Amino acid sequence: MTTEFPDIWHLEEHGRLRVGSAGISWKALEGGNNVNVPASEIKWVEWTRVARNYQLKIGLKDTWKRESFENFRREDQDALVPLIRQHFDVNFEAKELSWRGWNWGSTDFQGQDLVFLVNGKPAFDIPLPTVANSNIAGKTEVSLEFIQPDTNAKKTGKNAPDELMELRMYIPGTQQKDEEEDGGPDISAAQLFHDTIKEKADIGQVSGESIVIFHEVLVSTPRGRYDIHMFPNFLRLHGKTYDYKVPYNTISRLFLLPRADEQNISLVVNLDPPIRQGQTRYPFLVLVFSRDEAMTAELNLDEETLSTKYEGKLAKSHDSLAHQVVSNVFRGLIGKNIARPSPNFAARSQDPSHPVKCSMKAIQGELYFLEKSIFFLSKQPYLINYNDIYNIVFTRLGGGMASGKTIDLRIEPKAGSDVTFSSIAKGEKDQIEEFLTSKNIRVKTEAADEAMAVDLGSDDDDEDEDMRSADSEEEKPKVRTGGGDDDEDSSEDEDFQASSSDAGSPTSSSDDDDDSGSAASDSPVKPKKKVKQPSGSPSPVKKKKKTEEGGSKPKPKSKPKVTADKDDSDPEGPAKKKKRLD
């Protein structure tokens, strides 16, 4: 006999729940996945008040997983208690959560759960097996990173539920490492909490059943030296400050790229999704090895496992160059091929493995042309497939002598913003264009005429001088000709210049003080322009017309022009200023 409860939610799906002697089953109303919990796997049952009415949480044996069903009514508790005790012989525990909304409290490790308590009541709990990483961000702050959820085709896009990816806790103070022993060493409470998380969540698993360990490997992104522990399903980077757990199913590509210095070789691991350190994402792991460094590795696997599970792709022991040993182990355990520079591309050095030096914005790096993609190796690596490229344009964005020796390469993708690589040696253009054309990529050269003009060098100076002379000639008639507003603007500029060099220039037309105000204010400016720029005749003619309109004779007008330049210290200047103030 089974009892059915309608209108019950499981995660973000709506359905019906049935409880019987065989177990608990839930079926979605509109397709979806069905959930079946056998009676033999039920370990405990909890009843909790949540946002969506009441929740029934079921813990499973031999695993940390649990199933939660919500939207029960208050009266459903009376029907569920006898059913759970009758069919499954487990206690039905009703838990009261803290609703204060405080963000401070205490933590408690209960089995495989981390419980956050407020006034002794649980506010939330975290299954420790879901913790992927624990880092100390500062002396009093611990950061917990969680495992990326499995992508489900039915729960992508808008229907995908929100997932908690990181949680930070502030833990001040100090505490004894071993509370049972009096007088033990005191360590920070954050460090003790971090060590406990690593122990109980098994994220500090750096020994035991690891297949092989590579010690003190130099990693440029994220920067530091790490011990790389290889496990059957994931690898672990163990550093002095940070630890990273990388499942093999998040590794999409592997690259083995020789560096331009001819001394190092980098093994690049492309991650999707990337690992995180706070707000910083690292979609690439860049491992750096010396070309001449040797390494010996012994795998912790038997011959049967090597032949059956790994199909002979791995050897029991490895003794060769370091980059070859590590790349072979990565390829065998991860099951991904390693991409190398295309042998069909030969840079100016005629070495197919030699990269092209360039810069992306202010970041210097090396550009590699692979068989299916272009890879820019730097502090911030960049990767784009040939299928995603709409167009490639050779151009130059800078000026000066440097632009005559270098070119720029702009990648225009089918989706997203353009990316420009600058400071590429001009001699590399032919090889790059020939290789890209062989990959059926459209290649264009932009502003070829301007590039030839820049290469002439001295012609730039001649053109600049011509432009300066042309600009100066265009500015002169603008000051002399025109009327109304133009004259008023120029008079203000003249007064400003005169005040810094010639204190008596405003009194040059003192004889016209009794004339109209506009004629008197304009007359001292026009002779000033005549002294500074003697070329041209339109200005004196215009001035003569103005003086005739004011009623003064033209002949006496020429005399004050000469005396104005000589009598710079005339008392008429202050007198005129006084008259203006009045």
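Residues numbered from 1 in each chain as written. Predicted model: local features only at pLDDT ≥ 70, side-chain atom pairs only at ≥ 80, totals over all residues. Heavy atoms only, no water.

## Concerning unusual backbone geometry
- With an omega of -10°, the peptide bond between Thr 221 and Pro 222 qualifies as cis.
- With respect to the helices and strands, the residue Pro 222 is situated in the loop between β17 (212-221) and β18 (223-230).
- Here the amide bond leading from Asp 272 into Pro 273 is cis, since omega sits at 5°, within 30 degrees of zero.
- Mapped onto the fold, Pro 273 is located in strand β22 (residues 264-277).
- Even without being a glycine, Asn 119 presents a positive backbone phi close to 55°.
- Position of Asn 119 among the secondary structure elements: in the loop between β10 (113-118) and β11 (121-127).
- We note that Lys 361 has phi near 60°; this positive angle belongs to a residue other than glycine.
- Mapped onto the elements of the fold, Lys 361 is located in the loop between β27 (356-360) and β28 (363-369). (Helix = DSSP H or I, 4+ residues; strand = E, 2+ residues; numbered from the N terminus.)

## Topic: the pairing of strand β9 (residues 106-110)
- Bridge analysis of β9 against β10 gives 5 bridges, and the strand direction is antiparallel. From the neighbouring strand, Gln 110 faces β10, where its bridge partner is Asp 113. (Pairing = 2+ DSSP bridges.)

## Examining the sheet that holds strand β12 (residues 131-136)
- Read from one edge to the other, the open sheet built from 3 strands follows the order β12-β13-β14, with strand pairing classed as antiparallel. This sheet does not close on itself; its edge strands, each paired only once, are β12 and β14 (166-170). Taking the axes of each pair of neighbouring strands and ignoring which way they run, one obtains an average angle of 20° across the sheet.
- As paired elements, strand β13 (residues 141-146) and β14 share 5 bridges and run antiparallel to each other. In the sheet register, Val 142 faces β14, and the bridge partner there is Met 169.
- Strands β12, β13 and β14 of the sheet are contacted by helix α2 (residues 189-200), whose axis makes an angle of about 160° with β12. (Axes fitted to C-alpha atoms, helices over the stretch in contact; angles between N-to-C directions. Contact = heavy atoms within 4.5 Å.)

## What to know about the confidence of the model for the protein
- On average, residues of the protein score 76 in pLDDT, and 69% of them reach the 70 mark or higher.
- Ranking the elements of the protein by mean pLDDT puts helix α9 (residues 517-522) last with 41 and strand β29 (residues 373-377) first with 95.
- For residues 451-463, every residue scores under 50 in pLDDT, and the model assigns this stretch 10 contacts once sequence neighbours within four places are set aside.
- Confidence drops under pLDDT 50 across residues 467-553; counting only partners more than four residues distant or on other chains, this segment forms 62 contacts. (pLDDT = per-residue confidence, 0-100.)

## Considerations on the sheet that holds β9
- One open sheet accounts for 3 strands, arranged β9-β10-β11; its pairing is antiparallel. For this open sheet the edge positions go to β9 and β11, each flanked by a neighbour on one side alone. Across this sheet, the average inter-strand angle for adjacent strands is 25°, counted without regard to direction.

## Overview of α2
- Between the first and last C-alpha of α2 there are 16 Å, a value that for 12 residues agrees with the 16 Å anticipated at 1.5 Å per step.
- All buried positions along α2 are accounted for by Ala 189, Ala 190, Leu 192, Phe 193, His 194, Thr 196, Ile 197 and Lys 198. (Expected span 1.5 Å × (residues − 1). Buried < 20%, exposed > 50% of the residue type's maximum accessible area, 1.4 Å probe, protein only.)

## Some thoughts on the nonpolar core
- Ranked by size, the top nonpolar core spans 40 residues in total, and within it Phe 214, Met 230, Ile 251, Leu 287 and Phe 330 carry the most contacts.
- Broken down by element, the residue count for this core peaks at 7 residues, all from helix α4 (residues 322-334). (Core = buried A, V, L, I, M, F, W, Y, C linked by side-chain atoms within 4.5 Å.)

## Description of the environment of Arg 259
- Note that Arg 259 resides in the loop between β21 (251-258) and β22.
- When the C-alpha atoms of Arg 259 and Val 356 are compared, they prove to be 10.0 Å apart, with 97 residues separating the residues in sequence.
- Once residues lying within four places of it in the same chain are set aside, the contact partners of Arg 259 are Asn 264, Ile 265, Ser 266, Val 288, Arg 291, Pro 355, Glu 366, Tyr 368 and Leu 377.

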